Amino acid sequence: MDKKPTYDELAARIEKLEGMLEDEGRVVQWEILGHLAEAWDRDGPPGIVENRDLAAALHLGTGAVAVALKTLSTLGITDHDTMGYASYLTQEGYGIAKRQIRTVPLEEQVEKAKGERVKGTWGKKRRSKGS
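Heads up: these notes are all about the structure in this document.

What counts and what doesn't
- Residues numbered from 1 in each chain as written.
- Predicted model: local features only at pLDDT ≥ 70, side-chain atom pairs only at ≥ 80, totals over all residues.
- Heavy atoms only, no water.
- Buried < 20%, exposed > 50% of the residue type's maximum accessible area, 1.4 Å probe, protein only.
- Helix = DSSP H or I, 4+ residues; strand = E, 2+ residues; numbered from the N terminus.
- Arc of directions from axis to C-beta.
- Pairing = 2+ DSSP bridges.
- Axes fitted to C-alpha atoms, helices over the stretch in contact; angles between N-to-C directions.
- Parallel < 35°, antiparallel > 145°, perpendicular 65-115°, else oblique.
- Left-handed = near helix turned anticlockwise from the far one by under 90°.
- Contact = heavy atoms within 4.5 Å.

Points about helix H2 (residues 51-58)
For an α-helix the count is 3.6 residues per turn, leaving residues at separations of three or four pointing the same way. Every buried residue belonging to H2 is among Asn51, Leu54, Ala55 and Leu58, and all of these are buried. Considered in projection along H2, the buried side chains sweep an arc of 95 degrees and stay on one side of the axis. Away from its buried face by more than 90 degrees, H2 exposes Arg52 and Ala56. Where H2 terminates, the next one or two residues include His59, which has phi positive at roughly 55 degrees.

Given below as structure tokens:
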């Protein structure tokens, strides 16, 4: 007779599966950032790409792309057109995408990027008064 799993064993399995989904979501986010940065470099800022073309280019479902873009947009890394059909990188998002530091959470990278930005200088660092 098969032994049924205990509540703790089921909870551990669910936690493991949730962790796998979070990891997969992060990978999708980085793939999107990389593709949008390539579009920026190729076409010039901000490198607008239609969401369905983004999904096709990355061989992902439109749902996975939509979820990742919502997270990235909430963080201020990406933005979209008024209809929500196309997306592009913000200044901070482009810098993060080009650095590709995957070991530091995106939230921390965004805070650092926003701290270095000076309004009207397109992401250049502040100069000290002595220079």
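Moving on, there is more to tell.
Some remarks on helix H4 (residues 91-99)
For H4, the tally of buried residues reaches seven of nine residues, placing the bulk of the element in the interior. Phi for Gln100, located one or two positions after H4, is positive at around 50 degrees.

Looking at the sheet that holds strand S1 (residues 49-50)
Strand order in the open sheet formed by three strands is S1-S3-S2, and the pairing between neighbours is antiparallel. Strands at the two margins of the open sheet, each flanked by one partner only, are S1 and strand S2 (78-80).

Some remarks on the packing of H2 against helix H3 (residues 62-75)
Axis separation between H2 and H3 bottoms out at 9 Å; the angle between their running directions is 115 degrees. Relative to H3, the element H2 is oriented roughly perpendicular. Seen from above, H2 lies across H3 with right-handed handedness. Judged by residue contacts, Asn51, Leu54 and Ala55 of H2 engage Thr62, Val65 and Leu69 from H3.

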